[in-house]
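What follows is each chain in one-letter form.
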Amino acid sequence: MNADSTHRDKVTLVEVGLRDGLQNEAIPVSAEDRSRWFNGLADAGLRRIEAGSFVSPKWVPQMANTEQVMAGIQRRDEVSAEVLVPNSRGLESALACDADVIAVFTAASESFNRKNINCSIAESIARFQPVVAGAHDAGKRVRAYVSCVVGCPYEGPIAPAQVADVVTQLLELGADEVSLGDTIGVARPREIHALLDAVFPLVEIDRLALHCHDTRGQAIANIYAALERGIRTFDSAVAGLGGCPYARGATGNVATEDVLYLLQGEGFETGVDLQAVARIGETICRTLDRPNPSRVGRALAAARDDSADPQ
Ligand code: HMG
Ligand code: MG
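Worth saying up front: this structure is predicted, and the values here are computed from it rather than measured. (Residues numbered from 1 in each chain as written. Chains lettered and ligands numbered in written order. Predicted model: local features only at pLDDT ≥ 70, side-chain atom pairs only at ≥ 80, totals over all residues. Heavy atoms only, no water.)

Asker: Quick rundown of the overall build of the protein chain? Include the residues and the values.
Answerer: Scanning the protein chain from N- to C-terminus turns up twelve helices and ten strands. In summary, the protein chain has a C-alpha radius of gyration of 18 Å against a globular reference of 19 Å for 311 residues, a match within 12%. Taking the principal axes of the C-alpha coordinates as reference, the protein chain spans close to 65 × 45 × 40 Å. Of the contacts formed within the protein chain by residues at least 6 apart in sequence, a portion of 72% connects residues at least 24 apart. Charge centroids of the protein chain, computed over 30 positive and 42 negative side chains, lie 3 Å from each other. (Helix = DSSP H or I, 4+ residues; strand = E, 2+ residues; numbered from the N terminus. Rg over C-alpha atoms; globule rule 2.2 N^0.38 Å. Contact = heavy atoms within 4.5 Å. Lys, Arg positive; Asp, Glu negative; His and termini not counted. Charge placed at Lys NZ, Arg CZ, Asp CG, Glu CD.)

So this is what it looks like as structure tokens:
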């Protein structure tokens, strides 16, 4: 992509901060705040937003009350309210609150899957079969996440063929979209290219999404690589939410603000107001009493402070 070229393609961002981000935050956030932030992000132009997850509250207490979050959001035809579910029980909750997209999740690493959902990859796929069928019967779209697509905290590097195998099984189940997760933020562009080489023969490109965590600061480079290859759906989190405040160096998803800044510069259409997202990011960081990891978010806040300063 030349710096001076004008792209008119549309890029879709799936905002995952209120789920992937908040599920890792030490400070629990009220359902009221989570709904208010959802509504603000929709006002800013985001059209796909994860509201939370219906998982065991023993495993992930931060996501308890997702049904209250769903009840508090303003439903609009043009905004997809999405939730994550691990099993049929989660699907029931998701359908009860009329979520638009149901996301299931497994991994390309056996060890990670066991830690995350307490079963093997094969067991998770079998568990998803009734979830996907039930979601489709109810007229809902299904997103399937694959975690650890480049590396696993327990198993180290993951071969692209291993990812392709799991993606194949999820497509056979009927997943409408597959999101490829660099869960621990170890990927670099060369590894993203190898991953896409393995997955592209399996599925239409518009059914793929890339889900980058920014632990090693490579997420924007990886997204740029995937843009060059034609990927047009990316997951991101306002204010780069996520990571564990007690684990040194752990960070969350790539910040929505940082991705929007890149996309604007490359001439992609997103329909999202970067300044509005940045303001919500600042509010969230203030509420959580944490620094804002988004470089673009910090720069915009500083520019705003400067312009407000009479000196
Ligand atoms: P388990 O302990 O093996 O199974 O957990 P269980 O069936 O014995 O359930 C344990 C308890 O949870 C039981 O309660 C169930 O009733 C309850 P108890 O009888 O002990 O009182 N339970 C539920 N409660 C509410 N909603 C449900 C539900 N299901 C069971 N749907 C289970 C298995 C899958 C439930 C558990 O491991 C779990 O909930 N894991 C969730 C883990 C999670 O949410 N991880 C984060 C999301 S994945 C991610 O972030 C990666 C991603 O971002 C992509 C990337 O970055 O790679 C997507
Ligand atoms: Mg994630």
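Once the structure has been displayed, the description carries forward.
Asker: For helix α4 (residues 88-96), give the residues involved together with the corresponding values.
Answerer: Among the residues of α4, G90, L91 and A94 are the ones counted as buried. Down the axis of α4, the buried set is contained in an arc of 100°. They therefore lie on one face. For α4, the exposed residues set more than 90 degrees away from the buried face come down to R89, E92 and A96. Looking at the packing, one finds that the buried side of α4 touches β3 (80-84), β4 (101-107) and α6 (121-137). Once α4 finishes, D98 follows within two positions and takes phi at roughly 60°, a positive value. (Buried < 20%, exposed > 50% of the residue type's maximum accessible area, 1.4 Å probe, protein only. Arc of directions from axis to C-beta.)

Asker: Residue-level account of the site of ligand 1, with values.
Answerer: Neighbouring ligand 1 are 26 residues; Q23, K58, R89, S147 and T183 lie closest to it. Between ligand 1 and D20, the relevant distance is 2.9 Å, taken from an oxygen atom to a side-chain nitrogen or oxygen of the residue. The fraction of the free accessible surface of ligand 1 (1100 Å²) that becomes covered by protein chains is 75%. Mapped by element, the contributors of at least two residues to the shell around ligand 1 are α1 (17-21), α4, α5 (110-117) and β5 (141-147). (Near = heavy atom within 4 Å. Polar contact = N/O pair within 3.5 Å; in protein donor to acceptor, adjacent residues only side chain to side chain. Areas by Shrake-Rupley, 256 points an atom, 1.4 Å probe, with all protein chains shown as cover.)

Asker: Tell me about the nonpolar core, and name the residues and values.
Answerer: Ranked by size, the top nonpolar core spans 98 residues in total, and within it V146, V163, L170, L180 and F234 carry the most contacts. Of all the elements, helix α11 (residues 274-288) adds the most residues to this core, at seven residues. Beyond its immediate stretch of four places on either side in the chain, V163 contacts A108, V146, V149, I158, L180, L195 and V199. (Core = buried A, V, L, I, M, F, W, Y, C linked by side-chain atoms within 4.5 Å.)

Don't take any of this as a statement about function, it's just geometry.
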